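Chains, contacts and geometry: an overview
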Amino acid sequence: DTAVSQTPKYLVTQMGNDKSIKCEQNLGHDTMYWYKQDSKKFLKIMFSYNNKELIINETVPNRFSPKSPDKAHLNLHINSLELGDSAVYFCASSLTLKDPLEKLFFGSGTQLSVL
Amino acid sequence: QKEVEQDPGPLSVPEGAIVSLNCTYSNSAFQYFMWYRQYSRKGPELLMYTYSSGNKEDGRFTAQVDKSSKYISLFIRDSQPSDSATYLCALNSGGYQKVTFGTGTKLQVIP
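Presented here is a report on the structure given in the accompanying data block. (Residues numbered from 1 in each chain as written. Chains lettered and ligands numbered in written order. Predicted model: local features only at pLDDT ≥ 70, side-chain atom pairs only at ≥ 80, totals over all residues. Heavy atoms only, no water.)

Let's talk about the sheet that holds strand β6 (residues 54-58) of chain B
Through backbone hydrogen bonds, the strands of a sheet pair up, either in parallel or in antiparallel fashion. Residue and element names in this part refer to chain B. Selection rule: Should DSSP find at least two bridges between two strands, the strands are taken to pair. Note on conventions: DSSP H or I runs of at least 4 residues are helices, E runs of at least 2 residues are strands, and numbering of each starts at the N terminus. To obtain each axis, a line is fitted to C-alpha atoms, and for helices this fit is confined to the stretch in contact; angles are then taken between N-to-C directions over 0 to 180 degrees.
If you trace the five strands from one edge of the open sheet to the other, you get β1-β3-β8-β7-β6, paired in antiparallel fashion. Looking at strand neighbours, the two that pair on one side only are β1 (4-6) and β6, the edges of this open sheet. Each adjacent strand pair in this sheet contributes to an overall mean axis angle of 20°, direction not counted.

The following block contains the structure:
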């Protein structure tokens, strides 16, 4: 049983298109995240949600819109894709929000390539 | 200057060697320190965490923190080919799980 699963695993698309990435966790966690990892392996937080409420929004362009229909799901919709959006996007979850040492559980990532 | 600096490597060592992986940071607000391991085409997984200066040991792994120098290290004893991965340091100033990651050091342990 995969704890944090995200789909699709690979996404190849043209500039200007709109695409979505879905994430689900079966751990019963309250908090979910989207991270972006660029080609140099730099992993940076984009958003965090706690019980469907947006907590962190890290200077991400408006073209990126997260949606959390319930605390087990966090989707990421990207409008008008640009070349610079090419990266690996990781979904993650943690039991709670406030423990700074709380373990993050990551999905396997979605490799997005914008042509 | 990035908040967290980490040598990207790659670092190649023979099996059985002691490996030292390091990060430096500039923000003294960081009080919580973690190491994540990331295998190729997988998400990172937590290896160790600590919040105090000094050493913390877990099997073959030792995490070391020197807050006065803003320097953290991960030591791997008796390294194995299965340790081949990218190791990311991760730091948090506290609250709201806003973790700042280093860029990772790619380690290859050669049999």
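Overview of the nonpolar core
It is characteristic of soluble globular proteins that their nonpolar side chains tend to be buried jointly. Just so we agree on the cut-off: Residues enter a nonpolar core if they are buried and are Ala, Val, Leu, Ile, Met, Phe, Trp, Tyr or Cys, with the set joined through side-chain atoms within 4.5 Å. The buried label applies to any residue whose accessible area, calculated with a 1.4 Å probe on protein chains only, is under 20% of its type's maximum; exposed applies above 50%, and partly exposed to all values in between. Note on contacts: a residue pair qualifies if any of its non-hydrogen atoms lie within 4.5 Å across the two residues.
Ranked by internal contacts, the top residues of the largest apolar core, which has 24 residues, are Trp35, Ile72, Leu74, Tyr87 and Leu91 of chain B. At the level of secondary structure, the elements contributing two or more residues to this core comprise β3 (19-25), β4 (32-38), β5 (45-50), β7 (61-66), β8 (71-76), β9 (85-92) and β11 (105-110) of chain B. In this structure tyrosine 87 of chain B touches Gln6, Leu21, Trp35, Tyr36, Arg37, Leu47, Leu74, Ile76, Gly104, Thr105 and Leu107 of chain B, once residues within four positions along its chain are discounted. Leu76, Leu81, Tyr89 and Leu112 of chain A belong to the second largest nonpolar core, which has 20 residues in total.

What to know about the interface of chain A and chain B
Applicable threshold: The term buried area means the drop in 1.4 Å probe accessible area that two parts suffer when joined, counted for both and summed. Any carboxyl oxygen of Asp or Glu within 4 Å of a side-chain nitrogen of Lys or Arg constitutes a salt bridge here.
Taken together, the contact between chain A and chain B spans 27 residues of the former and 23 residues of the latter. Between chain A and chain B, roughly 2100 Å² of surface is buried when both sides are summed, and carbon and sulfur atoms account for 63% of that area. The largest per-residue losses of area from chain A upon contact with chain B belong to Phe42, Pro100 and Leu101 of chain A, which jointly make up 30% of the total buried on that side. Seen at the junction of chain A and chain B, the total is one salt bridge. Here glutamate 58 of chain A and lysine 98 of chain B are joined by a salt bridge, their closest N and O atoms 3.1 Å apart. Counting residues per element, the ones that place at least two in the side of chain A that touches chain B are β4 (31-37), β5 (43-50), β6 (53-57) and β9 (87-94) of chain A.

In short, the description is geometric, and any link to function would need to be established separately.
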